[in-house]
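# Overview (structure and organization)
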Amino acid sequence: WQIWDTLTRDTGFRREDIEYFMDVEGTLQYQRDHDTYTGGKFRSYNDTGGTETIGYGHNMATSPLTETVAGRAKLANWRTNGMTQVKALRRLVADMQRKRTFVSGEYNERHGEGAFGQLPQNLQGVQMDTAFQNRFYEQQAAEIARGNFERAMVEGYTPISDQDAGAERRTRLRRQHWYPE
């Protein structure tokens, strides 16, 4: 896909980071296996927390698209007709940008203006990963500021419930991607 060059150039995200989020938010194969990708399009579904989702983890209830009439029409169209792979990828990257803005603001508020931008890419990424779970952990940010990166990773993902089967997988993938040996 030529879209990769555009996405990485325009956002500053590395392709491998985008692919990581594609994986942990629901691989194409997983969605095919669960009938949420059919006929060449992603279909909306309820995630493990019961939230209506489409594509690669796009939360339809908290989508910024809910703020405009045109955006709500787009969401309704996706519910009815599905979303293409390219649109799902673009929406994922837009979500990544929103999460980066959010965690950057939270981190800078606690550790000083510009502090988030001084962090290595992997430490920014692990906080974005936490934000994808609709969380920001002050303890995680504190551990990063102390240089205790392994503890920061653990602090950054607490399963929603003991039945959260994805917690162990996501923690393993997180460790492999953000903290390679």
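Residues numbered from 1 in each chain as written. Predicted model: local features only at pLDDT ≥ 70, side-chain atom pairs only at ≥ 80, totals over all residues. Heavy atoms only, no water.

## Re the environment of G57
- Inspection of the secondary structure assignment puts G57 in the loop between β4 (52–54) and β5 (58–59).
- Owing to a relative accessible area of 16%, G57 belongs among the buried residues under this scheme.
- Taking C-alpha positions, G57 is 8.1 Å from D47, a pair spaced 10 residues apart along the chain.
- Sequence-distant contacts of G57, that is, excluding residues within four places in its chain, are made with E25 and Y45. (Helix = DSSP H or I, 4+ residues; strand = E, 2+ residues; numbered from the N terminus. Buried < 20%, exposed > 50% of the residue type's maximum accessible area, 1.4 Å probe, protein only. Contact = heavy atoms within 4.5 Å.)

## Quick notes on helix α2 (residues 15–24)
- Buried residues of α2: D17, I18, Y20, F21, M22 and V24, and no others.
- After α2 finishes, the residue G26 shows a positive phi value of roughly 130°.

## Looking at helix α7 (residues 121–131)
- Among the 11 residues that make up α7, nine are buried, leaving the element largely enclosed by the rest of the structure.
- Where α7 is concerned, the buried positions are L123, Q124, G125, V126, Q127, M128, D129, T130 and A131.

## Let's talk about the sheet that holds β5
- Here three strands make up an open sheet; going across it, the order is β3-β4-β5 and the pairing antiparallel. Strands with a single pairing partner mark the edges of an open sheet, and in this sheet they are β3 (45–46) and β5.
- Here β4 pairs with β5 via two bridges, running antiparallel. From the neighbouring strand, I54 faces β5, where its bridge partner is H58. (Pairing = 2+ DSSP bridges.)

## Considerations on the nonpolar core
- If you look at the biggest cluster of nonpolar residues, it comprises 39 residues, and the most contacted ones within it are I18, F21, F42, L92 and M96.
- Counting only elements with at least two residues in this core, the list comes to α1 (3–11), α2, α4 (69–81), α5 (85–111), α6 (115–118), α7, α8 (138–146) and α10 (166–178). (Core = buried A, V, L, I, M, F, W, Y, C linked by side-chain atoms within 4.5 Å.)

## Thoughts on the pattern of salt bridges
- Scanning all chains against the criterion turns up seven salt bridges.
- Between E16 and R14 there is a salt bridge, with its nearest N and O atoms 3.7 Å apart.
- The exposure class assigned to R14 is partly exposed, which follows from its relative accessible area of 31%.
- Through salt bridges with shared partners, a single network forms among R14, E16 and D17. (Salt bridge = Lys/Arg side-chain N within 4 Å of Asp/Glu carboxyl O.)

## So, the packing of α1 against α2
- Running from amino to carboxyl end, α1 crosses α2 at an angle of 105°, the nearest separation of the two axes being 10 Å. What the angle tells us is that α1 and α2 run roughly perpendicular. Contacts between α1 and α2 pair W4, L7 and T8 from the former with R15, I18, E19 and M22 from the latter.
- Among the residues making up the contact of α1 with α2, the classes are represented as four nonpolar, one polar and two charged. (Axes fitted to C-alpha atoms, helices over the stretch in contact; angles between N-to-C directions. Parallel < 35°, antiparallel > 145°, perpendicular 65-115°, else oblique. Nonpolar A, V, L, I, M, F, W, Y, C, P; charged D, E, K, R; others polar.)

## Things to note about the environment of T62
- Of note, T62 is situated in the loop between β5 and α4.
- In this structure, the C-alpha to C-alpha distance between T62 and E52, residues 10 residues apart in sequence, is 9.6 Å.

## Things to note about the packing of α5 against α8
- The interhelical angle for the contact between α5 and α8, taken along N-to-C directions, is 60°, at an axis separation of 11 Å. The hand of the α5/α8 crossing is right-handed. On α8, the residues touching Y107, R110 and H111 of α5 are E138, A141, A142, I144 and A145. (Left-handed = near helix turned anticlockwise from the far one by under 90°.)

## Some thoughts on the confidence of the model for the protein chain
- Averaged over all residues, the pLDDT of the protein chain equals 83, while 85% of them reach at least 70.
- The secondary structure element of the protein chain with the lowest average pLDDT is helix α9 (residues 149–155), at 67, and the one with the highest is strand β2 (residues 41–42), at 95.
- Scored below 50 in pLDDT, residues 159–163 makes four contacts in the model with residues more than four places away or belonging to other chains. (pLDDT = per-residue confidence, 0-100.)

## Quick word on the side chain of H58
- Secondary-structure assignment places H58 in strand β5.
- Looking at H58, the relative accessible area reads 2%, which means it is buried.
- Aside from chain neighbours lying at most four places away, what touches H58 is E52, T53, S63, L75, W78, R91 and D95.

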